[in-house]
Amino acid sequence: MKSIYFRTLVVIILTFFLLTPLYAAQNNNSSVIAQSLIRSSGKRSLEQVKKKETNILMQKAITIYNQAQNVILMITHNQLDLAQTTLSRISKELNELSMQIGDKEVPIGVTVYEISGITNIKIAKKIIKKVKAAIKANNLVLARELLEQLRNEIVIDTKYLPINIFKQAIKLAQEFLKKGDTSRAIDSLNIAIYSIDVQTTIIPKPLAEAAILVNDASTLYKSNKTTALKLLDAAEQKITLARALGYIPKGTSVKDLISKIEELKNSIENHSSKSSEEFFSLNKTLKKAKEGITYKK
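Being a predicted model, the structure only gives us computed values, none of them experimental.

## Thoughts on the pattern of salt bridges
Logical step 1: Under the criterion given, the structure shown has 13 salt bridges.
Logical step 2: The residue D233 makes a salt bridge to K265 at a minimum N-O spacing of 2.5 Å. Taken together, the residues D233 in helix α9 (residues 225-244) and K265 in helix α10 (residues 255-269) connect sequence positions 32 residues apart.
Logical step 3: Given the relative accessible area of 35%, D233 is considered partly exposed.

## Regarding unusual backbone geometry
Logical step 1: For N78, which is not glycine, the phi torsion reads 60 degrees and is therefore positive.
Logical step 2: If you trace the backbone, N78 turns up in the loop between α2 (59-76) and α3 (80-101).
Logical step 3: Owing to a relative accessible area of 59%, N78 belongs among the exposed residues under this scheme.
Logical step 4: In the Ramachandran plot, N138 falls in the positive-phi region, its phi being about 65 degrees despite a non-glycine side chain.
Logical step 5: Residue classification places N138 among the exposed residues on the basis of a relative accessible area of 58%.

## What about helix α8 (residues 205-220)?
In an α-helix, one full turn covers 3.6 residues, which means residues spaced three or four apart are oriented alike.
Logical step 1: Between the first and last C-alpha of α8 there are 23 Å, a value that for 16 residues agrees with the 22 Å anticipated at 1.5 Å per step.
Logical step 2: Burial analysis of α8 places twelve of its 16 residues in the buried class, which makes it a mostly covered element.
Logical step 3: Inspection of α8 places K205, P206, L207, A208, E209, A210, A211, I212, L213, V214, D216 and A217 among the buried residues, and these make up the whole buried set.

## Considerations on the sheet that holds strand β3 (residues 197-204)
Logical step 1: Here we have four strands laid out as an open sheet, ordered β1-β2-β3-β4, and antiparallel in their pairing. Of all the strands in the sheet, the pair left with one neighbour each is β1 (105-115) and β4 (295-296).
Logical step 2: When β3 meets β4, the two strands line up antiparallel, connected through two bridges. Bridging from a neighbouring strand, I202 pairs with Y295 of β4.
Logical step 3: Sitting on the sheet, α2 touches β1 and β2 (153-162), and the angle it makes with β1 is about 100 degrees.
Logical step 4: Across the sheet, helix α6 (residues 163-178) is in contact with β1 and β2; its angle to β2 comes to roughly 40 degrees.

## With respect to the environment of L207
Logical step 1: One can find L207 in helix α8.
Logical step 2: Given a relative accessible area of 1%, L207 falls into the buried group.
Logical step 3: For L207 and K238, which are 31 residues apart along the polypeptide, the C-alpha to C-alpha distance reads 6.4 Å.
Logical step 4: The contact partners of L207, leaving out residues within four places of it in the chain, are I239, A242, K290 and I293.

## Focus: the confidence of the model for the protein
Logical step 1: Across the protein, the average pLDDT comes to 84, with 89% of residues at 70 or higher.
Logical step 2: Mean pLDDT per element in the protein: helix α1 (residues 2-55) is the minimum at 62, and helix α7 (residues 182-193) is the maximum at 94.
Logical step 3: A low-confidence stretch, residues 1-25 (pLDDT under 50), is modelled with zero contacts involving residues beyond four sequence positions or located in other chains.

Conventions adopted
- Per chain, the residues get numbers from 1 upward, laid out in the order the sequence is written.
- Per-residue local features of the predicted model are confined to residues with pLDDT of at least 70, and side-chain atom pairs are confined, for both listing and counting, to 80 or more; whole-chain, interface and lining totals are unaffected and use all residues.
- Excluded from the side-chain calculations are hydrogens and water; all other atoms, namely the structure's heavy atoms, are used.
- Any carboxyl oxygen of Asp or Glu within 4 Å of a side-chain nitrogen of Lys or Arg constitutes a salt bridge here.
- The way it works is that DSSP assigns letters per residue, a run of H or I at least four long becomes a helix, a run of E at least two long becomes a strand, and they are numbered from the N terminus.
- Under the scheme applied here, a residue whose accessible area is under 20% of the maximum for its type counts as buried, over 50% as exposed, and between as partly exposed, the area being computed with a 1.4 Å probe on protein chains only.
- Multiply 1.5 Å by the residue count of a helix minus one, and that product is the helix's expected span.
- Strands pair, by our definition, only if DSSP identifies at least two bridges between them.
- By definition, residues are in contact when any of their heavy atoms lie within 4.5 Å.
- Helix axes use the C-alpha atoms of the stretch in contact, all axes being lines fitted to C-alpha atoms, and the angles between their N-to-C directions lie in the range 0 to 180 degrees.
- pLDDT: the predictor's confidence for each residue, scored from 0 to 100.

Here it is as structure tokens:
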């Protein structure tokens with residue numbers, strides 16, 4: 001009896017030592033994958049925004065804008081017939097565009113860049129305390145300098161062409177050119193060119209990164225549960241960071257987002273069939289939160 005017990009114990013011990021490196025390797029591999037995806041989430045969120053914003057540009061309006069600039073060169077080089085022909089074409093294209101989308105602004109150019117500031121929640125809270133103290137002491141210069149450190153965002157500068165103003169300016173340029181008043185024709189074209197409106201949109205980078213990580217987790221949770229859970233932990237930290245940096249206004253609750261992530265993590269742990277639905281619900285809630293907190297000026 002003792003002999004059987006001893007052999008069983010030896011088998012258990014050997015099995016433990018044989019399997020431990022395997023489990024360790026799997027966990028280590030999951031950590032490497034998770035860390036790689038977390039580190040690249042910032043770059044990928046920026047590229048995602050760039051791709052989305054570039055897709056909304058109106059190529060026809062870009063062509064019209066470039067042609068208007070070319071007409072000024074034609075006039076200055078005394079190519080008046082060519083300038084008049086080009087203005088007629090621009091006028092026709094503007095009318096066609098106006099019939100399609102109305103007399104509104106259309107995007108013709110975009111610049112997307114990021115500002116990477118504090119990513120540590122504890123440091124962010126310390127800086128906020130210093131900011132409040134600086135404001136209380138009426139040291140607004142220091143307060144502004146400190147607040148700059150809290151910027152962690154994706155900035156989108158979009159150029160818009162106002163169709164109605166452009167139409168009127170092109171029409172005036174045509175009339176002046178017919179009268180031989182090249183100086184006023186150029187002035188009218190400059191009015192069109194400088195009527196371009198620039199709108200700035202600010203997206204909190206931690207929230208954009210959180211969305212990327214949740215999407216990563218949704219593609220991995222079936223094949224690599226450990227990595228998916230690590231990514232959801234990181235997404236939760238990103239949301240908390242966005243709150244700490246002041247991107248989520250007071251009164252706007254992040255509890256719904258956090259609770260959804262916690263529920264999802266439990267579902268994945270328990271291999272629940274509801275995980276897929278919960279990912280969809282979380283993505284929807286996260287998208288709504290990100291849109292609601294995106295700033296435009």
